[in-house]
Amino acid sequence: METTTLNISGMTCGHCVASVTEELEALDGVDTVSVDLNAGGVSTATVTANRTLTAAELGEAVAEAGYRMVGADA
Ligand SMILES: [Cu+2]
């Protein structure tokens, strides 16, 4: 399993967490998604997958949920 950590801005509540989690889980090969909410600041999502995820696809998934990825270790 590969673990990737990404930073997301614009999240404020549990609904945001649910939306981002759903979009990230929909990516091919993703096993688990864990979001550490920092309301109004930069939240952190940790994703494990059976392959290496690219920053581009992670950013796209976050944008799909309505937020912005501001950094990733991918
Ligand atoms: Cu919210």
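Given the structure is predicted, the values throughout are model-derived calculations rather than measurements.

Rules used in this analysis
Residues numbered from 1 in each chain as written. Predicted model: local features only at pLDDT ≥ 70, side-chain atom pairs only at ≥ 80, totals over all residues. Heavy atoms only, no water. Axes fitted to C-alpha atoms, helices over the stretch in contact; angles between N-to-C directions. Helix = DSSP H or I, 4+ residues; strand = E, 2+ residues; numbered from the N terminus. Parallel < 35°, antiparallel > 145°, perpendicular 65-115°, else oblique. Left-handed = near helix turned anticlockwise from the far one by under 90°. Contact = heavy atoms within 4.5 Å. Nonpolar A, V, L, I, M, F, W, Y, C, P; charged D, E, K, R; others polar. Donors = N, O, S within 2.8 Å, 3.2 Å for Na, K, Ca; no water. Buried < 20%, exposed > 50% of the residue type's maximum accessible area, 1.4 Å probe, protein only.

Our next topic: the packing of helix α1 (residues 14–25) against helix α2 (residues 55–65). In contact at an axis separation of 8 Å, α1 and α2 are set at 140 degrees when each is read in the N-to-C sense. Classified by the angle between their axes, α1 and α2 sit oblique to one another. Of the two possible hands of crossing, α1 and α2 adopt the one that is right-handed. From α1, Ser19, Val20, Glu23 and Leu24 reach across to α2, where they touch Leu58, Ala61, Val62, Glu64 and Ala65. Here the contact of α1 with α2 is built from residues that sort into 6 nonpolar, 1 polar and 2 charged.

So, about the coordination of the copper ion. Distances from the copper ion to its protein donors, namely Cys13 (SG) and Cys16 (SG), fall within the range 2.0 to 2.1 Å. With relative accessibility at 33%, the residue cysteine 13 sits in the partly exposed group. Residue classification places cysteine 16 among the buried residues on the basis of a relative accessible area of 4%.

Moving on: α2. All buried positions along α2 are accounted for by Glu57, Leu58, Gly59, Ala61, Val62 and Ala65. Buried residues belonging to α2 abut β1 (2–9), α1 and β4 (68–72).

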